[in-house]
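Coordinate analysis (summary)
The primary structure of each chain is shown beneath.
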Amino acid sequence: MAGRVLWDVDTQVDFMQAGGKLAVPGAMDAAPAMARLVEAARAAGIPHVASADDHELTDAEISAEPDYSSTYPPHCLRGTRGAERIPETVQGDPVPLALTVVPAPWLRGREYLLLKKSFDVFTNPNADRLLELLDPQEIVLFGVATDVCNDAAVRGLLARGRTVTFVEDASRGLDEARTESCLASWRSEGVRFVTSAEVIDEL
């Protein structure tokens, strides 16, 4: 059982940087806090689980007429710069986990990359397997976007009986009203809210 796991949601160029295909407002303002979390986890030997959109133009989520609820414009397309992680959260040598089930002997390491074609990371069967393997007492979650992929991850983790800590200054949302609604819902379900400095002090 791991004490803590750092859960990094979609900190990719297309979401994070201002010129990205689906840029989250103010996301790069959170990048320094993200970098501190990743560095501290690496120094402490804490597992760093990162999710990443790995889209193709034929994916159900991709649309030329997006509703920004269940469909979005092309973003994080496989092989493009927009799909890469920003320098602040780049992993050194992650175990790549796509949508096919990976034999158990390969699920070893400190860094894991869960690729996905939906905003919900648990559409990747390896997410549940990795969670069972690491069996963390606490999941420290950050990333983008709070009201979409973060929300799906938090709800999925809570549904699986996990303890979730959300790092506010290392996250940003797409829609302000929807983000506030998500945060209120998480609080009511027992999610702990912290700053990156508070998390690092606890490591």
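Scroll up a little and you will see the structure.
Here we summarise the structure given alongside this text. (Residues numbered from 1 in each chain as written. Predicted model: local features only at pLDDT ≥ 70, side-chain atom pairs only at ≥ 80, totals over all residues. Heavy atoms only, no water.)

1. Brief notes about the sheet that holds strand β5 (residues 138-144)
- In space, the seven strands of this open sheet follow the order β3-β4-β2-β1-β5-β6-β7, with parallel pairing throughout. Whereas interior strands pair on both sides, the edge strands pair on one side only; in this sheet they are β3 (95-97) and β7 (192-194). Each strand of the sheet is rotated relative to its neighbour by a mean of 20 degrees, with strand direction disregarded.
- As judged from the four bridges shared by strand β1 (residues 4-9) and strand β2 (residues 48-53), these two strands associate in the parallel manner. Bridged to tryptophan 7 within β2 is valine 49.
- Packed onto the sheet, helix α3 (residues 125-134) meets β1, β2, β3, β4 (111-116) and β5 and runs at close to 155 degrees relative to β4. (Pairing = 2+ DSSP bridges. Helix = DSSP H or I, 4+ residues; strand = E, 2+ residues; numbered from the N terminus. Axes fitted to C-alpha atoms, helices over the stretch in contact; angles between N-to-C directions. Contact = heavy atoms within 4.5 Å.)

2. Some words on the packing of aromatic side chains
- Under the counting rule described, the total for this entry stands at five aromatic pairs.
- Ring centres of tryptophan 186 and phenylalanine 193 lie 6.5 Å apart, and the angle between their planes is 35 degrees; this geometry places the pair in the tilted category. Considered together, tryptophan 186 and phenylalanine 193 belong to a single accessibility category, that of buried residues.
- Taken together, the ring pairs connect Phe166, Trp186 and Phe193 into an aromatic cluster.
- One residue, arginine 160, lies across the ring of phenylalanine 122, its end atom 3.8 Å from the ring centre.
- Here arginine 187 stacks its cationic end above the ring of phenylalanine 193, 3.8 Å away from the centre of that ring. (Phe/Tyr/Trp six-rings, centres within 6.5 Å; stacked < 30°, edge-to-face > 60°. Buried < 20%, exposed > 50% of the residue type's maximum accessible area, 1.4 Å probe, protein only. Lys NZ or Arg CZ within 6 Å of the ring centre and 35° of its normal.)

3. A short note on empty space enclosed by the protein
- All chains considered together, the criterion is met by two cavities of 30 Å³ or more.
- Lining the largest cavity are 13 residues, and of these Phe15, Leu22, Val148, Cys149 and Leu174 lie nearest its centre.
- Considering only enclosed or pocket space, the second largest cavity measures out at about 60 Å³ in volume.
- Lining the second largest cavity we find Arg4, Val5, Leu6, Leu37, Ala40, Ala41, Ile46, Val140, Val199 and Leu203.
- Counting only elements with at least two residues in the lining of the second largest cavity, the list comes to β1 and α2 (31-44).
- Considering only residue class, the lining of the second largest cavity consists of nine nonpolar, no polar and one charged. (1 Å grid on protein atoms, 1.4 Å probe; cavity = no way out; pocket = protein on both sides within 12 Å on 5 of 7 lines; lining within 4 Å. Points joined across faces, edges and corners; volume = space filled by probe spheres on them. Nonpolar A, V, L, I, M, F, W, Y, C, P; charged D, E, K, R; others polar.)

4. Overview of the layout of surface pockets
- Size it by volume and the largest pocket reaches roughly 230 Å³.
- Looking at the largest pocket, it is lined by 14 residues, and the ones nearest its centre are Ala52, Ala83, Glu84, Arg85 and Leu113.
- Elements supplying a minimum of two residues to the lining of the largest pocket: β2 and β4.
- Among the residues making up the lining of the largest pocket, the classes are represented as six nonpolar, three polar and five charged.
- Each pocket or cavity is described by its volume, and for the second largest pocket that value is around 150 Å³.
- If you go around the second largest pocket, the residues you meet are Thr146, Phe166, Glu168, Ser171, Arg172, Gly173, Leu174, Asp175, Glu176, Thr179, Glu180 and Leu183.
- For the lining of the second largest pocket, the per-class residue count stands at three nonpolar, four polar and five charged.

No statement about biological role is implied by the geometric values presented.
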